[in-house]
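Examination of the molecular architecture
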Amino acid sequence: MDIGAGDESGTQAGDAPGRSRHRTRDRRGRGMRGPGVLPERPGTPALRTTRQRFDQLVLDVVTPLDERWQRHLGLVEYAVEDAPMLPDDWPDETVPLSSLVRGKGQEPTRLVIFRRPIEHRATSRDELEAMVHTVVVEQLAELLNLTPGQVDERYAD
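Anyway, here's the lowdown on the structure attached to this text. (Residues numbered from 1 in each chain as written. Predicted model: local features only at pLDDT ≥ 70, side-chain atom pairs only at ≥ 80, totals over all residues. Heavy atoms only, no water.)

**Considering unusual backbone geometry**
Its identity is not glycine, yet Asn-145 carries a phi of approximately 60 degrees, on the positive side. Considering the arrangement of structural elements, one finds Asn-145 in the loop between α3 (125-144) and α4 (148-151). (Helix = DSSP H or I, 4+ residues; strand = E, 2+ residues; numbered from the N terminus.)

Right, dumping it as structure tokens:
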């Protein structure tokens, strides 16, 4: 038998008897090659970005509330921004989680949710969903001149 040549059992010279040597694709410790998840539709990314997941969360919260109160709200634009633009003299203790600008004339009312301050305060996905729901319900309650519990009965949960 030649030195370094493997026999039928898969061992090589110098290996312990009965122990086979396996080659892996992670030869240089760089981790897994290729995507860990295949996309549902070819040509689309399998995993969405944090921003896309947050946008979808806001849409999931806003849609049923807007459908329920559309007759009373009128035209409302919902938007998500990363962070608020704060003036230099803004106190450091508080950062707004949202902004509500009432419409005038033909301009619609605009409700802006700030992604980064909300994500910073949430420690889990469930907490993030609850916080977005709370912020949206409170802003709609202010717009409708109602209590948050009247806007959505789940508010107290």
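After presenting the structure, the write-up continues.
**As for the sheet that holds strand β3 (residues 109-114)**
Across the sheet, which stays open at both edges, the three strands sit in the order β1-β3-β2 with mixed pairing between neighbours. Either end of the sheet is taken by a strand with one partner, and the two such strands are β1 (76-81) and β2 (98-101). Taking the axes of each pair of neighbouring strands and ignoring which way they run, one obtains an average angle of 15 degrees across the sheet. Pairing between β1 and β3: six bridges, direction parallel. Paired with Glu-77 across the strands is Arg-110, a residue of β3. (Pairing = 2+ DSSP bridges. Axes fitted to C-alpha atoms, helices over the stretch in contact; angles between N-to-C directions.)

**A word on the nonpolar core**
The biggest cluster of nonpolar side chains holds 25 residues, and the ones touching the most others in it are Ile-113, Ile-118, Val-132, Val-136 and Val-151. Broken down by secondary-structure element, the contributors of at least two residues to this core are α1 (50-73), β3 and α3. In terms of residue count, the dominant contributor to this core is α3 (10 residues). (Core = buried A, V, L, I, M, F, W, Y, C linked by side-chain atoms within 4.5 Å. Buried < 20%, exposed > 50% of the residue type's maximum accessible area, 1.4 Å probe, protein only.)

**Side note on the pattern of salt bridges**
Taken as a whole, this structure holds seven salt bridges when the rule is applied. Arg-110 serves as the salt-bridge partner of Glu-77, at 3.2 Å between the closest nitrogen and oxygen. Taken as a pair, Glu-77 in strand β1 and Arg-110 in strand β3 lie far apart in primary sequence, 33 residues in all. A salt bridge links Glu-129 to Arg-125, with the shortest nitrogen-to-oxygen separation between them at 3.6 Å. (Salt bridge = Lys/Arg side-chain N within 4 Å of Asp/Glu carboxyl O.)

**Looking at the side chain of Thr-109**
Topologically, Thr-109 is positioned in strand β3. Its relative accessible area of 10% is what places Thr-109 among the buried residues. Side-chain polar atoms of Thr-109 contact the backbone nitrogen of Gly-103, separated by 3.2 Å. When residues no more than four places from it in sequence are discounted, the contact partners of Thr-109 are Leu-75, Val-76, Glu-77, Leu-100, Val-101, Arg-102, Gly-103 and Leu-143. (Polar contact = N/O pair within 3.5 Å; in protein donor to acceptor, adjacent residues only side chain to side chain. Contact = heavy atoms within 4.5 Å.)

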